[in-house]
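# Observations on chain architecture
So you can see what is in the structure, the chains are spelled out below.
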Amino acid sequence: WRDVVCNRNEANELYWVDMAIVPQKDAAGQVVRYIAVCVDITEQRRHEDALHYQATHDGLTDLPNRVLLLDRIRQSIAHARREQHSVVLFFIDLDKFKQINDSLGHSAGDKVLCEMARRLVALGRGGDTVARLGGDEFVVACEGLDRADVEAMGARISRALNAPVALGGESHTLGGSVGVAVFPEHGEDTETLLKRADIAMYQAKARGGSAVCFFSPEMQDAIDVRVQMESRLREAIVREELVLHFQPQVDFETGTLVSLEALLRWDSPHYGFLMPGQFIGLAEESKLISELDAFVLNAACRQMQRWHQKGHGWIRTAVNLAATKFSDPGFKAELTETLARYGIPAGFLELEVTESLSMRAPNAALELLRDLKSASI
């Protein structure tokens, strides 16, 4: 027989022993005695326990991390199935955490996270789990709450998140967006329930933050539609469904064409003819905006070259590019190469610089414009 045994010493302290008991037999094969061999593995066990704790808990707040949270939710769902009651997930994201980090530094941000963790633990009941997923995201998992209790708990969490935090001698209010998903109504497995609480949290954030939002099937439908639209937008770039329309600027007195502005459109077989406002935001969120910018730049220059080849001369044309393009260190080289490829003379391609770019990074925008001017672009 062999096993690990936990015991107490004379000082009433726990210690761990790896124990083996083997029989000793005589010549006739009869057991005459048992021999026990014991090895003290207390330090090894403490080391293993410490490693396990580190693997399942957040190093900053000492809360359970994602690994332990998922395990706890799985256990709660199994118990809830047997007992015929609910499991509720409150998915929390702090609303102004980035501002605190950017303005006061990461030490202040860490203090905020520890304070919010303390407040959430104080709100929980004995069997509830409060976990930190990472960044400024937390989850509170509760069993056996009815709808009224869920709403009351959500309100208490919201008040705790909106209570001021003292940082550097000043009071700061962050607030938090809370998404709620309930087993079995909103999902019957751990990943689905957590994902839908996350979706509800983003809906709360979209409503202005500092709100509690319950998941609904319509939210999932909207996400599915958006994911499908993103996939089709990726395909649209390859399938050449994107087109440019050119809006003329004319001198009213002479009727002379002064310039053109290239306007992007998506001629989709699924959605019809879409204006930029219907897909540019999606392109920015899905990191497709750079590909759209490259298409606009190349298509506009190619059309300018065609007009010139048909005897219309070089027509000054303006293109709108995303603000992120002007912070790309490779943009100047890309622009120079594109103009050279189509033979566009200096001064005939206009780049629309948004006010938001100038306001957000005025020095960077000014430096880029000076570089382009010095390169005679």
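First, a word on what this report is: a plain description of the structure on this page. The written sequence of each chain sets the order in which its residues are numbered from 1. The model is predicted, so local features are restricted to residues of pLDDT at least 70 and side-chain atom pairs to those at 80 or more, both for listing and for counting; the totals for chains, interfaces and linings are taken over all residues. Calculation of side-chain values draws on the structure's entire complement of heavy atoms; hydrogens and water are dropped beforehand.

## Brief notes about the overall build of the protein
Definition in use: Numbered from the N terminus, helices here are DSSP runs of H or I no shorter than four residues, and strands are runs of E no shorter than two. Buried residues are those whose accessible area, probed at 1.4 Å on protein chains only, stays under 20% of the maximum for their type, while exposed residues exceed 50% and partly exposed ones sit between those limits. Residues count as neighbours in contact if any of their non-hydrogen atoms are within 4.5 Å of one another. Residue exposure ignores everything except the shown protein chains as possible cover, and the areas themselves are Shrake-Rupley values with a 1.4 Å probe. Counted as positive: Lys and Arg. Counted as negative: Asp and Glu. His and the chain ends are not counted at all. A charge is said to be at NZ when it belongs to Lys, at CZ for Arg, at CG for Asp and at CD for Glu.
Looking only at helices and strands, the protein has 12 helices and 15 strands in total. In terms of principal-axis extent, the alpha carbons of the protein reach across some 120 × 60 × 50 Å. Burial analysis of the protein (377 residues in total) assigns 38% to the buried set. Relative to all contacts within the protein whose residues are 6 or more apart in sequence, the contacts with residues 24 or more apart total 60%. Counting every atom, the protein has about 21,400 Å² of accessible surface; 51% of that belongs to carbon and sulfur. In the protein, 41 side chains carry a positive charge and 54 a negative one; their mean positions are 1 Å apart.

## Here we look at the nonpolar core
Spelled out, the test is: We define a nonpolar core as any set of buried Ala, Val, Leu, Ile, Met, Phe, Trp, Tyr and Cys residues linked to one another through side-chain atoms lying within 4.5 Å.
Judged by nonpolar contacts, the single largest core of 33 residues is most densely connected at W266, F279 and L349. Taken together, the elements giving at least two residues each to this core come down to α7 (217-238), β11 (242-250), β12 (257-268), α8 (280-285), α9 (289-309) and α10 (331-342). Contact partners of W266, with chain neighbours within four places excluded, come to M229, R232, L233, A236, E241, L242, Y271, G272, F273, L274 and F279.

## Some details on the pairing of strand β5 (residues 129-134)
The condition is simple: Between any two strands, at least two bridges found by DSSP are needed for them to pair.
In terms of burial, β5 is a largely internal element, five of the six residues being buried. Sheet topology note: the β5/strand β6 (residues 137-143) ladder contains five bridges and is antiparallel. Across the sheet, V130 pairs through a bridge with V140, a residue of β6. Between the antiparallel neighbours β5 and β6 lie two residues, among them G135 with a positive phi of about 60°.

## Considering the side chain of S86
Which entries qualify depends on this criterion: In the analysis that follows, any N or O atom pair within 3.5 Å is treated as a polar contact, provided that within protein one partner can donate a hydrogen and the other can accept it, and provided that, for residues neighboring in sequence, both atoms belong to side chains.
Take S86: it is sitting in the loop between α2 (66-83) and β4 (87-94). By relative accessible area, which is 11% here, S86 ends up buried. Polar contacts involving the side chain of S86 include one to the main-chain carbonyl oxygen of L145, which spans 2.7 Å. Among residues more than four places away in sequence, those in contact with S86 are A80, C142, E143, G144, L145, V182 and F183.

## With respect to the sheet that holds strand β9 (residues 176-183)
Sheet strands pair by backbone hydrogen bonding; their relative direction is either parallel or antiparallel. The test is simple: Axis definition: a line fitted to C-alpha atoms, over the contacting stretch in the case of helices. Angles run 0 to 180 degrees between N-to-C directions.
The strand order across the open sheet formed by five strands is β5-β6-β4-β9-β10, and the pairing between neighbours is mixed. In the strand order of this sheet, the two ends are held by β5 and β10 (212-214), each with one partner. Pairwise comparison of adjacent strand axes, ignoring direction, gives a mean angle of 20° for this sheet. Pairing of β9 with β10, which is carried by three bridges, proceeds in the parallel orientation. Across the sheet, residue G179 finds its bridge partner in β10, namely C213. On top of the sheet, helix α5 (residues 147-162) reaches β4, β6, β9 and β10; it is set at about 20° to β4, its chief contact.

## Brief notes about the environment of L339
The residue L339 is located in helix α10 in this model. In this structure L339 comes out as buried when scored by relative accessible area, which is 9%. Between the C-alpha atom of L339 and that of Q247, which follows or precedes it by 92 residues, the distance is 21 Å.

## Some thoughts on a nonpolar patch on the surface
Note the following rule: To count toward a patch, a residue needs a relative accessible area over 30% and no salt bridge; like charges are then connected within 9 Å, while nonpolar side chains (Val, Leu, Ile, Met, Phe, Trp, Tyr) are connected within 5 Å. In the sections that follow, a salt bridge refers to a side-chain nitrogen of Lys or Arg positioned within 4 Å of a carboxyl oxygen of Asp or Glu.
Among the surface-exposed residues, V22, I35, V37 and V39 lie close enough to one another that they form a single nonpolar patch of about 300 Å² accessible area. When residues in the nonpolar patch are grouped by element, the largest group, three residues, is from strand β3 (residues 31-40). Note on placement: V39 falls in strand β3. V39 gets classed as partly exposed once you look at its relative accessible area, which sits at 44%.

## Brief notes about the pairing of strand β2 (residues 14-25)
In this structure, strand β1 (residues 2-8) lies alongside β2, joined through seven bridges in antiparallel fashion. Note that in β2 the partner of C6 across the bridge is W16. Between the antiparallel neighbours β1 and β2 lie five residues, among them N12 with a positive phi of about 65°. Summarising the sheet, β2 and β3 pair through nine bridges and their orientation is antiparallel. Across the sheet, the residue bridging to Q24 is R33, located in β3.

## Details of the sheet that holds β2
The strand order across the open sheet formed by three strands is β1-β2-β3, and the pairing between neighbours is antiparallel. Here the strands that pair on one side only, and so sit at the sheet edges, are β1 and β3. If you compare each strand with its neighbour and ignore which way they point, the axes differ by 35° on average. Together, β1, β2 and β3 form the strand contacts of helix α1 (residues 42-56), whose direction differs from that of β2 by roughly 130°.

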